[in-house]
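Observations on chain architecture
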Amino acid sequence: MSLSFEGRVVLVTGAGGGLGREYALAFAERGASVVVNDLGGDTKGGGKNSAAADKVVEEIRAKGGKAVANYDSVEEGEKLIQTALDAFGRIDIVVNNAGILRDQSFARMSDLDWDLIHRIHLKGSFLVTRAAWTHMKNQKFGRIIMTTSAAGIYGNFGQTNYSAAKLGMLGMANTLAVEGHKYNVHCNSIAPLAGSRLTESVMPPDLVASLKPEYVAPLVLWLCHDQCQENGGLFEVGAGWIGKLRWERSQGHIVRQKNQPMTPEAVRDHWDKICDFTDATKPTTIREAAQSVVSVLFQVESEGEVSSNPTAVAALAS
Ligand code: NAI
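A brief structural summary. The shown structure was predicted, so the numbers you read here are calculated from the model rather than taken from an experiment.

Bringing helix α3 (residues 77-88) into the picture now. If you check α3, its first and last C-alpha atoms are 17 Å apart, about what twelve residues at 1.5 Å a residue would give, namely 16 Å. Residues of α3 that are buried: Gly77, Leu80, Ile81, Thr83 and Ala84. Buried positions in α3, seen along its axis, are confined to an arc of 145° and lie on one side of it. With respect to the buried face of α3, the exposed residues turned more than 90 degrees away are Glu78 and Asp86. Those residues of α3 hidden inside the fold are in contact with β1 (9-12), β2 (33-37), β3 (66-70), β4 (93-96) and α4 (111-139). The positive-phi residue at the C-terminal boundary of α3 is glycine 89, with phi of around 80°.

Written out as structure tokens, the structure is:
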């Protein structure tokens with residue numbers, strides 16, 4: 001059966017163009033009522049214009065869909081959610097997508113370049129999501145998307161500000177997934193790759209044209225559907241391909257002995273072992289991650305009696 005969003009109210013931030021526009025059109029086509037938010041400024045965060053959001057609302061309405069515009073910056077989180085409540089009476093889904101770029105090599109990065117990127121991407125997503133949170137908790141349904149980036153995951157020249165803010169959003173998503181879980185409020189992150197006005201300055205034109213936003217939107221729709229139980233996931237998506245990412249941790253090595261000081265030389269001498277990903281583990285919770293570290297205390301105390309693998313020790317200790 002096809003996935004319907006009938007009865008659902010969706011806010012897509014930065015939906016006046018690029019990926020956000022595609023999400024808004026796709027949700028509306030499947031029956032959702034959509035708040036099309038866009039400040040309508042330039043790619044660096046300057047200016048504002050209602051035309052961008054209006055145009056997408058017109059497109060949706062022309063196809064018989066339900067949409068209203070909101071022209072506030074995501075820094076006015078409450079106002080965006082109020083538009084959803086005023087127009088449609090509820091809020092079910094928030095797609096944090098609005099974004100700008102202020103690339104600069106690190107030595108030239110100004111306070112303004114740093115602050116504006118954090119204000120729009122990280123704080124904006126916080127403010128919009130916080131405004132929706134209680135409504136979602138109370139109704140025991142919510143789906144939130146954070147738009148992170150490969151620049152944050154892998155690093156990218158000239159993007160210290162953007163990388164930091166984008167991985168900040170991933171950190172926020174990880175904790176929202178924990179806090180929202182029992183209320184059926186799920187939060188997932190995507191790192192998209194698509195042609196848009198943000199990428200046209202760094203990609204050749206044929207790639208901008210080929211990497212269509214419509215090859216990203218179906219993942220966002222699935223993650224936001226009530227049938228989807230995914231929570232706290234991170235996905236790279238582009239060109240019609242979707243992959244999931246997770247943390248990997250080496251088995252590691254204990255470089256300390258009972259009643260002996262821990263030294264940097266011991267760290268150096270075991271460096272290969274510390275960095276060896278053979279039989280790596282994949283912790284998924286903070287409890288799991290911390291438990292294996294704490295269990296090292298037990299192992300050092302009972303020196304020589306158990307394996308030097310903290311994960312195995314954790315199993316013994318628990
Ligand atoms: P885009 O520039 O076409 O879309 C971003 C939209 O956000 C614009 O319409 C802009 O007016 C709006 N916006 C900017 N500041 C705003 C504010 N303060 N309040 C409300 N709206 C605001 O760019 P694109 O590529 O569609 O980007 C969407 C998201 O995806 C961004 O968060 C971007 O960082 C992220 N992203 C995109 C990638 C790509 O390959 N296109 C790669 C990785 C991340």
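It is worth spelling out the nonpolar core at this point. Buried together is how nonpolar side chains tend to be arranged in soluble globular proteins. Counting 35 residues, the largest nonpolar core has Tyr23, Phe27, Val34, Val36 and Ile190 as its most contacted members. Every element with two or more residues in this core is listed here: β1, α1 (18-29), β2, α2 (51-62), β4, α8 (217-223) and β7 (234-238). Among the elements that take part in this core, α1 stands out by supplying seven residues, more than any other. With 32 residues, the next largest nonpolar core counts Leu80, Val128, Ala132 and Tyr162 among its residues.

Further remarks concern the site of the ligand. The full set close to the ligand counts 30 residues, and Leu19, Asp38, Asn97, Tyr162 and Ser196 are the nearest of them. Between tyrosine 162 and the ligand, the recorded distance is 2.6 Å, taken from a side-chain N or O atom to an oxygen atom. Counting residues per element, the ones that place at least two in the shell around the ligand are α1, α4, α6 (160-180) and β6 (185-193). Partitioning the shell around the ligand into residue classes produces eleven nonpolar, 15 polar and four charged.

It is worth spelling out the pairing of β6 at this point. A large share of β6 lies buried, amounting to eight of its nine residues. Pairing between strand β5 (residues 142-147) and β6: six bridges, direction parallel. Across the sheet, the residue bridging to arginine 143 is histidine 186, located in β6. Where β6 meets β7, five bridges bridge the pair, whose relative direction is parallel. Bridging from a neighbouring strand, alanine 191 pairs with glutamate 236 of β7.

Quick notes on the rules
Note on numbering: residues in each chain are counted from 1, in written sequence order. Note on the predicted model: pLDDT of at least 70 is required for a residue's local features to be given, and 80 or more for side-chain atom pairs to be given and counted; whole-chain, interface and lining totals, by contrast, use all residues. The basis for every side-chain value is the complete set of non-hydrogen atoms in the structure, without hydrogens or water. Counting from the N terminus, the helices are DSSP H or I runs at least four residues long and the strands are E runs at least two residues long. The span expected for a helix works out to 1.5 Å for each residue beyond the first. Burial here depends on accessible area, computed with a 1.4 Å probe over protein chains only, as a share of the maximum for the residue type. Under 20% is buried, over 50% is exposed, and the range in between is partly exposed. Taking the helix axis as origin, the arc is that swept by the directions to the C-beta atoms. Contacts were defined at the residue level, with two residues in contact if any of their heavy atoms lie within 4.5 Å. By convention a nonpolar core is built from buried Ala, Val, Leu, Ile, Met, Phe, Trp, Tyr and Cys residues, the set being connected through side-chain atoms within 4.5 Å. The nearness test applies per residue and asks whether one of its heavy atoms lies within 4 Å of the molecule or strand. Counted as a polar contact is a pair of N or O atoms within 3.5 Å, where, for protein atoms, one must be capable of donating a hydrogen and the other of accepting one, and residues adjacent in sequence contribute only when both atoms are in side chains. Classification used: nonpolar for Ala, Val, Leu, Ile, Met, Phe, Trp, Tyr, Cys and Pro, charged for Asp, Glu, Lys and Arg, polar for all others including Gly. Criterion used throughout: strands pair if DSSP finds at least two bridges between them.

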